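Observations on the model geometry
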Amino acid sequence: MGQGWGSRAQTVLGEIRLGLSNVQGDPSQSKPRDASPPKEPGGRILAGVIGACSVALWFQPSFAPESPDVAFHTAKVLRSVGGEYFIDPFAGVPTLYPSLFHAALAWTARLVGTDAVGTMHGAQALVFPAMWAAYVYLLRDMDVSKAAARVSAFIFPVVLYAPTSRYVLLVTPANFSFPFLLCGLGLAIRPPSQTDTNMRALLKGLCLALAVALWWPNAVVVAALCMGLLIHRTPRPLLRDWRQLLWSTGGALPAVGFVAWQLWQLRALLLGYTGYPRSTGLPWQSVVSFCDTLVLRGSSQFFSEMRFWSQPTGFGSLQQLFALLMFVFAVVPLSLLILYRMAAHAYSLRNGISEGAVQRELVLTVALLILAGSVAVHVVGKPAHVQRVQFVAFALALPFVVDWLSSRLPPALRSRMTLVSALVGVSMAIFVVCHWRPPFVRYPSARVIALASVLQGLPEARIFMLEHTARLVAPVVRVSSFVGYHDGLYYNQDARSSADMLQAYELLRDRSPRWSAVARSYNVRYLLADTQSSAGRALWARYWNDGSLIYSAYNWRLVALR
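Now for a look at the structure at hand. (Residues numbered from 1 in each chain as written. Predicted model: local features only at pLDDT ≥ 70, side-chain atom pairs only at ≥ 80, totals over all residues. Heavy atoms only, no water.)

1. Brief notes about a nonpolar patch on the surface
On the surface, Val55, Trp58 and Phe59 cluster together into a nonpolar patch covering about 370 Å² of accessible area. For Trp58, the location among the structural elements is in helix α2 (residues 42-59). Accessibility expressed as a relative area gives 47% for Trp58, which makes it partly exposed. (Patch = residues over 30% accessible without salt bridge, like charges linked within 9 Å, V, L, I, M, F, W, Y side chains within 5 Å. Areas by Shrake-Rupley, 256 points an atom, 1.4 Å probe, with all protein chains shown as cover. Salt bridge = Lys/Arg side-chain N within 4 Å of Asp/Glu carboxyl O. Helix = DSSP H or I, 4+ residues; strand = E, 2+ residues; numbered from the N terminus. Buried < 20%, exposed > 50% of the residue type's maximum accessible area, 1.4 Å probe, protein only.)

2. Considerations on the packing of aromatic side chains
A complete count under the given rule lists 21 aromatic pairs for this structure. Ring centres of Tyr85 and Phe86 lie 6.2 Å apart, and the angle between their planes is 55°; on these two criteria the pair is classed as tilted. Tyr85 sits in the buried class, given a relative accessible area of 13%. Note on Phe86: relative accessible area 8%, which makes it buried. Arranged with centres 4.8 Å apart and planes meeting at 50°, the rings of Phe178 and Phe391 form a pair that is tilted. With Phe178 in helix α7 (residues 173-188) and Phe391 in helix α14 (residues 383-406), this residue pair connects regions lying 213 residues apart in the sequence. Under the relative-accessibility criterion, Phe391 is labelled buried at 1%. In textbook terms, an aromatic cluster arises when at least three aromatic residues are bridged by ring pairs, as seen for Tyr85, Phe86, Trp107, Phe258 and Trp261. Residue placement shows Arg447 over the ring face of Trp556; its charged tip is 4.4 Å from the ring centre. (Phe/Tyr/Trp six-rings, centres within 6.5 Å; stacked < 30°, edge-to-face > 60°. Lys NZ or Arg CZ within 6 Å of the ring centre and 35° of its normal.)

3. Observations regarding helix α5 (residues 116-139)
Under the 1.5 Å per step criterion, the end-to-end length of α5 is 34 Å for 24 residues, consistent within 8% with the ideal 34 Å. Where α5 bends most, the angle comes to about 25°, and this point is Val127, followed within four residues by the proline Pro129. Burial analysis of α5 places 18 of its 24 residues in the buried class, the great majority of the element. (Expected span 1.5 Å × (residues − 1). Bend = angle between axes of the 7 residues up to and from the residue.)

4. Observations concerning the packing of α5 against α7
Running from N to C, α5 and α7 point in directions that differ by 15°, and their axes come no closer than 8 Å. As the angle between them shows, α5 and α7 are arranged roughly parallel. Once α5 is placed against α7, the crossing between them reads as left-handed. Taken together, the residues of α7 that come into contact with α5 (itself represented by Ala123, Val127, Ala130, Met131, Ala134, Tyr135, Tyr137 and Leu138) are Asn175, Phe176, Phe178, Pro179, Leu182, Cys183, Leu185, Gly186 and Leu187. In terms of residue class, the contact of α5 with α7 is made up of 15 nonpolar, two polar and no charged. (Axes fitted to C-alpha atoms, helices over the stretch in contact; angles between N-to-C directions. Parallel < 35°, antiparallel > 145°, perpendicular 65-115°, else oblique. Left-handed = near helix turned anticlockwise from the far one by under 90°. Contact = heavy atoms within 4.5 Å. Nonpolar A, V, L, I, M, F, W, Y, C, P; charged D, E, K, R; others polar.)

5. Section: the pairing of strand β6 (residues 556-561)
Along β6, five of the six residues are buried, which leaves the element largely enclosed by surrounding structure. Examined bridge by bridge, strand β4 (residues 524-530) and β6 share five bridges and lie antiparallel to one another. Looking across to β6, one finds that Ala529 is bridged to Arg557. In this sheet, β6 lies alongside strand β5 (residues 547-553) in antiparallel orientation, the contact comprising six bridges. Considered in β6, the bridge of Gly547 is made with Leu561. Hairpin connection from β5 to β6: two residues lie between these consecutive antiparallel strands, with Tyr554 at a positive phi of about 50°. (Pairing = 2+ DSSP bridges.)

6. A word on empty space enclosed by the protein
Enumeration according to the criterion identifies three cavities of 30 Å³ or more in this entry. In this structure, the largest cavity encloses a volume near 100 Å³. Ser62, Pro65, Val70, Thr74 and Met120 are the residues nearest the centre of the largest cavity, which is lined by 13 residues in total. (1 Å grid on protein atoms, 1.4 Å probe; cavity = no way out; pocket = protein on both sides within 12 Å on 5 of 7 lines; lining within 4 Å. Points joined across faces, edges and corners; volume = space filled by probe spheres on them.)

7. Overview of the pattern of salt bridges
For the coordinates displayed, the defined rule picks out six salt bridges. Glu84 is the salt-bridge partner of Arg79, the closest N and O atoms lying 2.8 Å from each other. Look at Arg79 and you get buried, because its relative accessible area is 6%. We classify Glu84 as partly exposed; its relative accessible area is 23%. In this structure, Asp546 engages Arg511 in a salt bridge whose closest nitrogen and oxygen atoms are separated by 2.7 Å. With Asp546 in the loop between α21 (534-543) and β5 and Arg511 in the loop between α19 (495-509) and α20 (515-521), the pair connects residues that are 35 residues apart, well separated along the chain. In this structure, a network of salt bridges that share partners links the residues Arg79, Glu84 and Arg478.

8. Comments concerning the environment of Gln532
Turning to its location among the elements, Gln532 is positioned in the loop between β4 and α21. Residue class for Gln532 comes out partly exposed when judged on its relative accessible area of 48%. Sequence separation between Gln532 and Tyr554 is 22 residues; the distance between their C-alpha atoms is 8.8 Å. Look past the residues within four positions of Gln532 in its chain and what remains in contact with it is Arg447, Arg537 and Asn555.

9. Description of the sheet that holds β6
Strand order in the open sheet formed by four strands is β3-β4-β6-β5, and the pairing between neighbours is mixed. The open sheet has two edge strands, β3 (462-464) and β5, and neither has a second partner. In this sheet, adjacent strand axes meet at a mean angle of 25° when their direction is disregarded. Lying over the sheet, α21 contacts β3, β4, β5 and β6, oriented at roughly 135° with respect to β4.

10. A word on unusual backbone geometry
In most cases, non-glycine residues show a negative phi, while peptide bonds are predominantly trans. Omega for the peptide link from Tyr443 to Pro444 comes to 0°, which places this bond in the cis form. Assignment of secondary structure puts Pro444 in the loop between β2 (440-441) and α17 (446-455). Despite not being glycine, Arg511 shows a phi value in the positive range, around 50°. Here Arg511 falls in the partly exposed class, since its relative accessible area comes to 32%. Although it is not a glycine, Tyr554 adopts a positive phi angle of roughly 50°. Among the secondary structure elements, Tyr554 is positioned in the loop between β5 and β6.

11. Comments concerning the packing of helix α3 (residues 68-81) against α5
Axis separation between α3 and α5 bottoms out at 9 Å; the angle between their running directions is 125°. Judged by the inter-axis angle, α3 sits oblique to α5. As for how α3 packs across α5, the hand of that crossing is right-handed. Between α3 and α5, the residues in contact are Val70, His73, Thr74, Val77 and Leu78 and Ala116, Val117 and Met120, respectively. Among the residues forming the contact of α3 with α5, the class breakdown is six nonpolar, two polar and no charged.

Structure representation (structure tokens):
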């Protein structure tokens, strides 16, 4: 009794010495004091910024609705609303492409009662803040200081930025999948002592499977995660591992089932994709592209547009200069630090190291495996996919880099690091979501709506139009045409049908002597020209005397071919 009372008295006196603010009135009613420093309002500020970004995106016009990516995906959502989940929205033929994204938005459109354009605008308002919020969730279990996690959360918009004109706002399967991928990584990468509940294992499998089903190159990230977990696996009861694996598998079944259904529906086409053209010059071109994405995040192709040296003034020149500085002074050191940290700790993975060290090495191992595995993504001939896969490696390594740098800063600078990062991150978020000029535009325009009402009344047939015209029309009304895309490669069509359709497209575009036979073979009964563009005027000049004009307004010329 005496020792217990003395121990209690010492505890109370210790609480009083820690801070009298916790002792109000009777000391016996005081609560234990947390010896950590006062909590900064960073979380509330971050939540407010994320919410403001969503509101700003909702009330702004759509971002780049006429761009090739957004126009294609909007048109595919329109097709999916009608149940055509696996049909190319421009060419009107079955094609292999991740379709869960379009199906999910189509189901949402039916439920809410909106059209494809409105549904895509709503998704735009959610993707960027959802990606940010998912990254904040990922940082919760990172083995870094709270200050480093807070700084990383604030400067995350800088990591998202690229000179591709704020590509993160494009409503694409890749960007839509990243919130699920980041949440799945947050559920999977945890200190070994924190055991998974069944519900957590279920959600982990669901999020990771959704990320892969929405955008198939995410399989590189998930494969790297599984490999990293095997490398850093600590001894655990085998029964518990199997139980958690079964729950995760159950969570993955809906997304995996949709992909399996898609492949079954397209089983007759799968053999045609074995001849999909690869990039020439491999493996040297793969190495060059990998170095480009590793150092510059795939942005060397945009350097010709970054003429800040010939534009000494103006907001655009500052934007381009910042892009160059960010890639040179942020991405390059980040990539080198990943390699350095892995080399420095490669020999420390042995029994007895701390849980935090195990998790740190796990995350950095996964980041390095993603960087190495992203080379394999390049063989599909799309370096932009490599950039998006590597984005995850940068996001994983960012908090550790910030923690490493902050531990080496003078105390005066360290205390101001959160404030500076908050200012930089908020400024970048405002820049990304509150751009006051195109490509934020209102769509569809009155002339597109008027044309759509005419096209809806036409019999089912292929309408020949140029690529830009198809991007304007297909998201609003279901049409079938041709599209000259990436030197003849259509959106994931097989090599043979893609080459045939490209040849037909060129013959009709140039009005070759065989144009009439080509039109009959592809059931082309109409021609649509947009005379606002020089290419559209040239097309109209070739065909104005080969059919009867059935619509002429807003620079549109619609002809029924003879």
